[in-house]
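Descriptive structure summary
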Amino acid sequence: MTRLIAHELMTLGSRNPRIGIDWERRPSRYLTIDGVPGYQIAYSCGTCGLVLRREPGAPTGLLPATDVRDRLNAGLDGLDTDVIDTFAAQLPRGDYQVMLLDTKPALAAPGSAGDYFSVEGPAGWRNEEFEYSIDPANTSYYRLDRRSIGEHDEFFEFAVPLGDPAELDADVVERYSSACGQPTAVAFGLLDIEGPWFRQERHWGLFHFLLDGHHKTASAAANSGSIRLLTFVSAGESMASDDELLRLPEIINADQREGDR
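Residues numbered from 1 in each chain as written. Predicted model: local features only at pLDDT ≥ 70, side-chain atom pairs only at ≥ 80, totals over all residues. Heavy atoms only, no water.

**With respect to the overall build of the protein**
Helix and strand content of the protein: 7 helices and 12 strands. Computed over the C-alpha atoms, the radius of gyration of the protein is 17 Å, within 12% of the 18 Å expected from 2.2 N^0.38 for a compact globule of 261 residues. Each of the three principal axes of the protein carries a C-alpha extent, and together these read 55 × 45 × 35 Å. Residues counted as buried form 52% of the 261 residues belonging to the protein. (Helix = DSSP H or I, 4+ residues; strand = E, 2+ residues; numbered from the N terminus. Rg over C-alpha atoms; globule rule 2.2 N^0.38 Å. Buried < 20%, exposed > 50% of the residue type's maximum accessible area, 1.4 Å probe, protein only.)

**Here we look at the packing of aromatic side chains**
Within this structure, the stated rule accounts for 12 aromatic pairs. Considering the side-chain rings of Tyr96 and Phe188, the 6.4 Å spacing of their centres and the 65° angle between planes classify their relative orientation as edge-to-face. Of this pair, Tyr96 sits in strand β6 (residues 94-103) while Phe188 sits in strand β10 (residues 184-194), and the two are 92 residues apart along the sequence. The pair Tyr96 / Phe188 is uniform in exposure class, with both members buried. (Phe/Tyr/Trp six-rings, centres within 6.5 Å; stacked < 30°, edge-to-face > 60°.)

**Describing the state of the cysteines**
The tally for this structure, following the rule as stated, stands at 1 disulfide. In this model, Cys45 is linked to Cys48 through a disulfide, with the two sulfur atoms separated by 2.1 Å. The class for Cys48 is partly exposed, based on a relative accessible area of 26%. (Disulfide = S-S within 2.5 Å.)

**Considering the pattern of salt bridges**
For the coordinates displayed, the defined rule picks out 15 salt bridges. As a salt-bridge pair, Arg18 and Asp34 come within 2.8 Å of each other at their nearest N and O atoms. Here Asp34 lies in the loop between β3 (28-33) and β4 (36-43) and Arg18 lies in the loop between β1 (3-12) and β2 (19-22), a separation of 16 residues in the sequence. Among the salt bridges present, the one from Asp77 reaches Arg228, with a minimum N-O distance of 3.5 Å. Here the residue Asp77 occupies a position in the loop between α1 (69-74) and α2 (81-88), and Arg228 occupies one in strand β12 (residues 227-234), the gap between them amounting to 151 residues. Relative accessible area serves as the criterion here: at 9%, Arg228 is assigned to the buried category. Taken together, the shared-partner salt bridges in this structure form one network comprising Arg3, Asp77, Asp102 and Arg228. (Salt bridge = Lys/Arg side-chain N within 4 Å of Asp/Glu carboxyl O.)

**As for the nonpolar core**
Core analysis: the largest hydrophobic core is formed by 42 residues, its most contacted members being Leu31, Phe87, Phe117, Phe188, Phe209, Leu230 and Phe232. Residues Met99, Leu206, Ala235 and Ile251 belong to the second largest nonpolar core, which totals 16 residues. (Core = buried A, V, L, I, M, F, W, Y, C linked by side-chain atoms within 4.5 Å.)

**Topic: the pairing of β6**
The buried count for β6 comes to 8 of 10 residues, which makes it a mostly enclosed element. Note: β1 against β6, 9 bridges, orientation antiparallel. Bridge pairing in β6 links Leu9 to Gln97. (Pairing = 2+ DSSP bridges.)

**Some points on the sheet that holds β2**
The strand order across the open sheet formed by 4 strands is β2-β3-β4-β5, and the pairing between neighbours is antiparallel. Whereas interior strands pair on both sides, the edge strands pair on one side only; in this sheet they are β2 and β5 (53-54). Where β3 lies against β4, 6 bridges are found, and the strand directions are antiparallel. Counterpart to Thr32 in the pairing with β4 is Pro37.

**Focus: the sheet that holds β6**
Sheet strands pair via backbone hydrogen bonds, and the direction of the pair is either parallel or antiparallel. Pairing is mixed across the open sheet formed by 8 strands, whose spatial order is β1-β6-β12-β10-β11-β9-β8-β7. Taken across any chain shown, the strands that pair with only one partner, and hence form the sheet edges, are β1 and β7 (106-108). When the angles between neighbouring strand axes are averaged without regard to direction, this sheet yields 30°. This element, α2, spans β1, β6, β10, β11 (203-212) and β12 of the sheet and lies at about 55° to β12. (Axes fitted to C-alpha atoms, helices over the stretch in contact; angles between N-to-C directions. Contact = heavy atoms within 4.5 Å.)

**What about the side chain of Thr2?**
Mapped onto the elements, Thr2 comes out in the segment before β1. In this structure the side chain of Thr2 is engaged in a polar contact, spanning 3.1 Å, whose partner is the side chain of Thr103. In this structure the side chain of Thr2 is engaged in a polar contact, spanning 3.1 Å, whose partner is the side chain of Glu157. (Polar contact = N/O pair within 3.5 Å; in protein donor to acceptor, adjacent residues only side chain to side chain.)

**Looking at the confidence of the model for the protein**
With 96% of its residues at a pLDDT of 70 or more, the protein has an overall mean of 91. Note on residues 257-261: pLDDT under 50 across the span, and 1 contact to partners over four residues away in sequence or across chains. (pLDDT = per-residue confidence, 0-100.)

Below, the structure is given as structure tokens:
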């Protein structure tokens, strides 16, 4: 269950960011880190399904956050200007839906029962008349929320570590398990909406690529706990309309109201 703490539409970013989106290798789209492709994250067709494939030799993309480390470890209670400025300087220039969320991560390995790209994704693109498949994931990631949107669409939320969770420092992960408050992770977000051409249903995929807080997120997942997440969801780089992006707070709040009944 995701709980929205705060949100605001902001124009942020740098002309020389560390994080970027590469459309030059069409039909594929890539998340880049320091100009190097890190993840294949979509096809440009809009009907091929959600994609999450880590590129060989992808850099980790960890961003320095020394100046705001204590604030993140203590946990943000609202949109902190200093924290936003620290990370916005590393992102592409554009409009962002900046959101602060409480969410519960669950680690999903490729091919496991909890893997969207092995279960819900293929089911959404299955057709008895001909063979149609989506690309399998090749890296572990975290499942967050899943919910229905209207009569036809479904919403799936993911947190993607920029590295292998198995290679994290186990002592640091354990230390966060007894941390006070709600330690905050930070992510670059993309909302991609895909649907097969042969039916109305679409899958909304909200991907949070972790820029900071890998150990915090791993600790929350290992302990079935929650993590606070500051995410910068890009309007210009998402495969969704501006109106759909602006609906995200409403969708999350509606889900929270349902959970409170």
